[in-house]
Amino acid sequence: MAQAIETYLTPPRAAFWRLLQGVFFGVGLFILIALLLKPELGLHVLWNVLIPVAPALLVLAPGLWRNVCPMGTASMIPHHLRLSSRRQLSLAWQSRLLAGAVVLLIVIVPLRPVLLDHFGQVTGLVLIAVALLAGGMGFVFDRKSFWCSGLCPVYPVEMLYGSKPAVQPRNAHCGTCSDCVSPCRDSRNNVTPIDAARTGPGRWAALVLIGGFPGFIIGWYLIPKTGSLLADSPWPLGGAGAFSEGRGQALVDAYAYSLGGMAISLALFAALAFAYPRGLRALSVVFATAAVSAYYWFKLPVMLGLGAPESALVPGLDFLPAAALWPLRAAVIVLFAGLLLARRPARGWLIRPPKA
Ligand code: SF4
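Residues numbered from 1 in each chain as written. Predicted model: local features only at pLDDT ≥ 70, side-chain atom pairs only at ≥ 80, totals over all residues. Heavy atoms only, no water.

Glancing now at the site of the ligand. Taken together, Arg 143, Lys 144, Asn 171, Cys 174, Cys 177, Ser 178, Asp 179, Cys 180, Val 181, Cys 184, Asp 186 and Pro 353 form the complete shell of residues around the ligand. Most atoms of the ligand, that is more than half of them, are within 2 Å of grid points of the largest cavity. For the shell around the ligand, the per-class residue count stands at 6 nonpolar, 2 polar and 4 charged. (Near = heavy atom within 4 Å. 1 Å grid on protein atoms, 1.4 Å probe; cavity = no way out; pocket = protein on both sides within 12 Å on 5 of 7 lines; lining within 4 Å. Sits in = over half its atoms within 2 Å of the grid points. Nonpolar A, V, L, I, M, F, W, Y, C, P; charged D, E, K, R; others polar.)

Structure, rendered in structure tokens:
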């Protein structure tokens, strides 16, 4: 077995990945500290730089992200230090965690325009709570079963967008495989959310995510920009009366637009799935293409700094004329259609390690 492990992850390879994980963990820590101490900087790096790049990365190289995600690294530290009790999760619990991940995604994302986009300290505290949960459960459950392939709210999106990765690195967290989840989402070819749970609430959650996500994204971008839920304050949760007057409506709007959009696209998906019951996998890829294209359709002007140079992905990117937006949008749609629809599924996110 020692030989198999060495063949899989040679010392130079292992050192390379540990270094990369350390760098990304450091970047995550930097963002967290900035959110708490220099909120404006932290919010900019998180929401205007890291998050806009993430969907494209999940389409092209979900395995790379799975290898270096700082939250994933936090959840795997107990495993790497041999401090995990490595309890196995039943298929029923794997299904429940997937449902929980979808619910978390749907609950957290609409909070962005009314809360998380405005208050670095709140966002930082949420990230700390999530890191403690992910890392803490790593002491109990085996490898990726609780967080990376369980309750992480990004994980359903990884499965939705990442069915046809362009690159397939080695698995830098699992030198061997203990079948912590079944099937292994990292190693299985052509994985989609419907592969993660055959029965139970996870199955329904996967279908809701696939069908509803394009509408969820479009609805989210149409949320009226009426301001934040909390009054401006250096420490927004610090005192009574911190809630802005009349901002309850902003919260209602945030969920009404996101979930309303989700309901419309889910209805379309349900009709198509009913008409083509054997085409669920193909529908999943079509809806994933629609979702990621919709994301960049709305995000491109922000990334280019059109109208607000400070939101540009890279400083100085706002030199492009507004007319450049349309060919760029068309190019993005063609690019994702080419990547997701025009390519045959060939490989998993990561090369499967030998059995433990
Ligand atoms: S490779 Fe094995 S141990 Fe690692 S995530 Fe996949 S199933 Fe779990």
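Moving on, we come to the packing of aromatic side chains. One pass over the full model with this rule turns up 11 aromatic pairs. Ring centres of Tyr 161 and Phe 213 lie 6.2 Å apart, and the angle between their planes is 55 degrees; this geometry places the pair in the tilted category. Of this pair, Tyr 161 sits in helix α10 (residues 155–161) while Phe 213 sits in helix α12 (residues 200–221), placing them 52 residues apart in sequence. Judged on exposure class, the residue Tyr 161 and its partner Phe 213 are both buried. Residues Phe 213 and Phe 216 carry aromatic rings whose centres are separated by 5.9 Å and whose planes lie at 15 degrees to one another, so their mutual orientation is stacked. With Phe 213 and Phe 216 both in helix α12, this residue pair falls 3 residues apart, about one helical turn. The pair formed by Phe 213 and Phe 216 is uniform in burial state, with each residue classed as buried. One aromatic cluster is present, built from ring pairs that chain together Trp 220, Tyr 221, Tyr 295, Tyr 296, Phe 298 and Phe 336. Against the face of Trp 93 rests Arg 96, its NZ or CZ located 4.7 Å from the ring centre. The ring of Trp 297 carries the charged tip of Arg 329 above its face, separated from the ring centre by 4.4 Å. (Phe/Tyr/Trp six-rings, centres within 6.5 Å; stacked < 30°, edge-to-face > 60°. Helix = DSSP H or I, 4+ residues; strand = E, 2+ residues; numbered from the N terminus. Buried < 20%, exposed > 50% of the residue type's maximum accessible area, 1.4 Å probe, protein only. Lys NZ or Arg CZ within 6 Å of the ring centre and 35° of its normal.)

Of the pockets and cavities examined, the second largest pocket occupies roughly 750 Å³. In terms of lining, the second largest pocket is formed by 24 residues, of which the most central are Trp 47, Asn 48, Arg 112, Asp 117 and His 118. At the level of elements, α3 (39–60), α7 (111–116), α12 and α14 (280–303) are the ones that each hand at least two residues to the lining of the second largest pocket. The element contributing the most residues to the lining of the second largest pocket is α3, with 6 residues. Partitioned by chemical class, the residues of the lining of the second largest pocket number 12 nonpolar, 6 polar and 6 charged. (Points joined across faces, edges and corners; volume = space filled by probe spheres on them.)

Moving on, we come to the nonpolar core. Grouped together as the largest cluster of nonpolar side chains are 80 residues, with contacts concentrated most on Trp 147, Tyr 161, Phe 213 and Ile 217. Counting residues per element, this core draws most heavily on α14, at 12 residues. Not counting residues within four places of it along the chain, the set of residues in contact with Ile 217 comprises Tyr 161, Ala 291, Ala 294 and Tyr 295. (Core = buried A, V, L, I, M, F, W, Y, C linked by side-chain atoms within 4.5 Å. Contact = heavy atoms within 4.5 Å.)

Moving on, we get to a nonpolar patch on the surface. The grouping of Leu 19, Val 23, Phe 24 and Val 27 at the surface amounts to a nonpolar patch, some 340 Å² of accessible area in total. Summarising the element assignment, Val 23 is placed in helix α2 (residues 11–37). A relative accessible area of 45% means that Val 23 is categorised as partly exposed. (Patch = residues over 30% accessible without salt bridge, like charges linked within 9 Å, V, L, I, M, F, W, Y side chains within 5 Å. Areas by Shrake-Rupley, 256 points an atom, 1.4 Å probe, with all protein chains shown as cover. Salt bridge = Lys/Arg side-chain N within 4 Å of Asp/Glu carboxyl O.)

Topologically, Asp 186 is positioned in the loop between α10 and α11 (193–196). Not counting chain neighbours up to four residues away, the residues in contact with Asp 186 comprise Arg 66, Lys 144, Ser 149, Asn 171, Gly 348, Trp 349 and Leu 350.

Let us look at the confidence of the model for the protein. Caution applies to low-pLDDT regions: their predicted coordinates should not be interpreted in detail. With 92% of its residues at a pLDDT of at least 70, the protein reaches an overall mean of 90. Contacts of residues 1–6 to residues separated by more than four positions or lying in other chains number 7 contacts, the stretch itself having pLDDT below 50. In this model, residues 233–241 is a region of pLDDT below 50 whose contacts with residues beyond four sequence positions or in other chains number 10 contacts. (pLDDT = per-residue confidence, 0-100.)

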